[in-house]
Structures are given as structure tokens and as C-alpha cells.
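# Architecture at a glance
Each chain, written out:
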Amino acid sequence: IRFYWNSGVFAYKRATQLSRYYLEDAFKFMDRRIGQSHSQVHFMDQVVLGLTVLRLGLRWRALSSSCNYTLLSSMPHQLEEARIRHARVLHYHDAMGPSAWGPVLSALQPTHPQVHNWLAAQGPFKDEPLSLRRGLREGLRIYRGLQRRAYYRSAGFQKL
């Protein structure tokens, strides 16, 4: 993939009607079965956005990675002070769980003290203990997954 935007943050002038053309292109790609597998379909929207921008001849520029700074527990180098200093928006993935919480806070303290203080008061993300609410949420997740699989099957896509 040469031109791919993996972020939900973009701005455009309404007069370009980008959202309308983007939706039309997404349907075209789905109807033509450009994606053959679940993973290809799953990420298709991010590919189609770039292609729509190019097709319309719109001027564009990417935001710096500081606007979508990746924190993953498997990428400890992202917590280095020189790197995290420029972060403006944290894309925290799994780095706010109990096991990564200490290193994340330690990295933020010298570079972003206000964020550190706010997060420290929040505590790490935790899985709720088994409860009715958690059970309902899990049931809804399973139901939606079954619907998605049924759609993929009916559309001729396969889960690899």
C-alpha cells in the first residue's frame, strides 16, 4: 500500500463533497469485491479514502505522527523522552493497561506533566470483574461479530 491513512482525523472543505464521494467509492469497492478476505475488507475504508482524495485531485497534507502518536506495550522505544516529547495525541492501543501503566506515566512526567497528573488520577484501564454489564457487552460484541460474518459470507468474502 503506497497511500494509506490510518486515522480518523481529517479536515476538508464541504464544497469538495469529499464525504459523499468517499461513501460512493467505498460502496464501489465493496460491490466490485476488490477485497477478497476479511482483513482486506476490514481495512478497505482507509485505502479508499486516499484513493478518493487522489481521484478528486484534492490538495492534501498528512498530519505529523505527533498527532497520532502510537503507544503499544510491545514498542517500549516509543516511551523514550526524545520521542514522546513531541506527542500531541496519544493512540494508546494496549499501553494504558496495568502492566504498561508505570512506564507510560514515567515517560509522560518529564515531557507532559499536566497529562501525567491527569492520567495518574484516572488509573490504568482495567477489565471489569464479571458482571451483568460486562456479560451484556460481551454478548453484544459476539452478536455483532456473527452479523458481520454473515454479511461477509453472503457477499462472498472469506475469513482467512
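Let me sum up the structure you'll find in this document. (Residues numbered from 1 in each chain as written. Predicted model: local features only at pLDDT ≥ 70, side-chain atom pairs only at ≥ 80, totals over all residues. Heavy atoms only, no water.)

### Overview of the overall build of the protein chain
For clarity, the cut-off: Helix numbers and strand numbers start at the N terminus; a helix is a DSSP run of H or I with at least 4 residues, a strand a run of E with at least 2. The quantity called the radius of gyration is restricted to C-alpha atoms. Its globule counterpart is 2.2 Å times the number of residues to the power 0.38.
In terms of regular secondary structure, the protein chain is built from seven helices and two strands. Taken from the N to the C terminus, the helices and strands of the protein chain come in the order α-α-α-β-α-β-α-α-α. Here the C-alpha radius of gyration of the protein chain, 20 Å, is well above what a compact globule of 160 residues would show, namely 15 Å. Seen through its C-alpha atoms, the protein chain measures out along the principal axes to roughly 50 × 45 × 30 Å.

### Notes on the pattern of salt bridges
It is possible for side chains of opposite charge to pair when their charged atoms get near one another. Which entries qualify depends on this criterion: Any carboxyl oxygen of Asp or Glu within 4 Å of a side-chain nitrogen of Lys or Arg constitutes a salt bridge here.
As enumerated under the stated definition, the model contains six salt bridges in all. Residue Lys28 pairs with Asp25 through a salt bridge whose shortest N-O separation is 3.5 Å. One end of the pair is Lys28 and the other is Asp25, both in helix H1 (residues 18-31) and three residues apart, which spans about a single turn. Two residues, Arg55 and Asp25, come together in a salt bridge whose shortest N-O distance is 3.2 Å. Of this pair, Arg55 sits in helix H3 (residues 44-56) while Asp25 sits in helix H1; the two residues are 30 residues apart in sequence, bridging distant segments of the chain. Salt bridges linked by common partners bring Asp25, Lys28 and Arg55 together as one network.

### Regarding the packing of aromatic side chains
Put simply, the rule reads: The criterion for an aromatic pair is that two Phe, Tyr or Trp rings (for Trp, the six-membered ring) have centres within 6.5 Å, with stacked assigned to planes under 30 degrees apart, edge-to-face to planes over 60 apart and tilted to the rest. Working rule: Lys NZ or Arg CZ, within 6 Å of ring centre, within 35 degrees of ring normal, means a charge sits over the ring.
Applying the stated criterion to the full structure yields one aromatic pair. Lying over the aromatic face of Tyr21, Arg20 brings its terminal NZ or CZ to 4.4 Å of the ring centre.

### A word on the environment of Leu58
Filter applied, for reference: We call two residues in contact whenever any of their non-hydrogen atoms come within 4.5 Å of each other.
Structurally, the position occupied by Leu58 is in the loop between H3 and strand E1 (69-70). As a C-alpha pair, Leu58 and Arg83 span 25 residues in sequence and 31 Å in three-dimensional space. Filtering out sequence-adjacent residues up to four positions away, Leu58 remains in contact with Thr16, Leu18 and Val53.

### Overview of unusual backbone geometry
Positive phi outside glycine occurs at Gln17, with the angle close to 55°. Here Gln17 is to be found in the segment before H1. Here His93, not a glycine, exhibits a phi torsion of approximately 45°, which is positive. Structurally, His93 can be placed in the loop between strand E2 (90-91) and helix H5 (98-111).

### Comments concerning the nonpolar core
Inclusion rule: Side-chain atoms within 4.5 Å are what join buried Ala, Val, Leu, Ile, Met, Phe, Trp, Tyr and Cys residues into a set we call a nonpolar core. Partly exposed describes any residue whose relative accessible area lies between the buried limit of under 20% and the exposed limit of over 50%, with all areas from a 1.4 Å probe on protein chains only and scaled to the type maximum.
The biggest cluster of nonpolar side chains holds 13 residues, and the ones touching the most others in it are Leu71, Leu79, Ile84, Val104 and Leu119. Ranked by the residues each element gives to this core, the list is headed by H5, at five residues. Leaving out residues up to four positions away in the same chain, Leu79 has contacts with Leu71, Ile84, Pro103, Val104 and Ala107.

### So, the packing of H1 against H3
Here is the rule: The angle between two axes is taken between their N-to-C directions and runs from 0 to 180 degrees, where each axis is a line fitted to C-alpha atoms and a helix contributes only its stretch in contact. The scheme is simple: roughly parallel for angles under 35 degrees, roughly antiparallel for over 145, roughly perpendicular for 65 to 115, oblique for anything else. Each helix crossing is assigned a hand: it is left-handed if the near helix lies turned anticlockwise from the far helix by less than a right angle, otherwise right-handed if that turn is clockwise. Ten residue types, Ala, Val, Leu, Ile, Met, Phe, Trp, Tyr, Cys and Pro, are classed as nonpolar, four, Asp, Glu, Lys and Arg, as charged, and the remainder, Gly among them, as polar.
Look at H1 against H3: their axes get within 9 Å of each other, and the N-to-C directions meet at 125°. With respect to each other, H1 and H3 are oriented oblique. Here H1 and H3 pass one another in a crossing that is right-handed. Where H1 approaches H3, its residues Leu18, Tyr21, Tyr22, Asp25, Ala26 and Phe29 are matched on the opposing element by Met44, Asp45, Val48, Leu49, Leu51, Thr52, Val53, Arg55 and Leu56. Within the contact of H1 with H3, the residues separate by chemical class into 11 nonpolar, one polar and three charged.

### As for the side chain of Gln78
For Gln78, the location among the structural elements is in the loop between E1 and helix H4 (81-84). When near neighbours in sequence (up to four residues on either side) are disregarded, Gln78 contacts Tyr69, Thr70, Leu71, Arg83 and Ile84.

These values are about where atoms sit, not about what they do.
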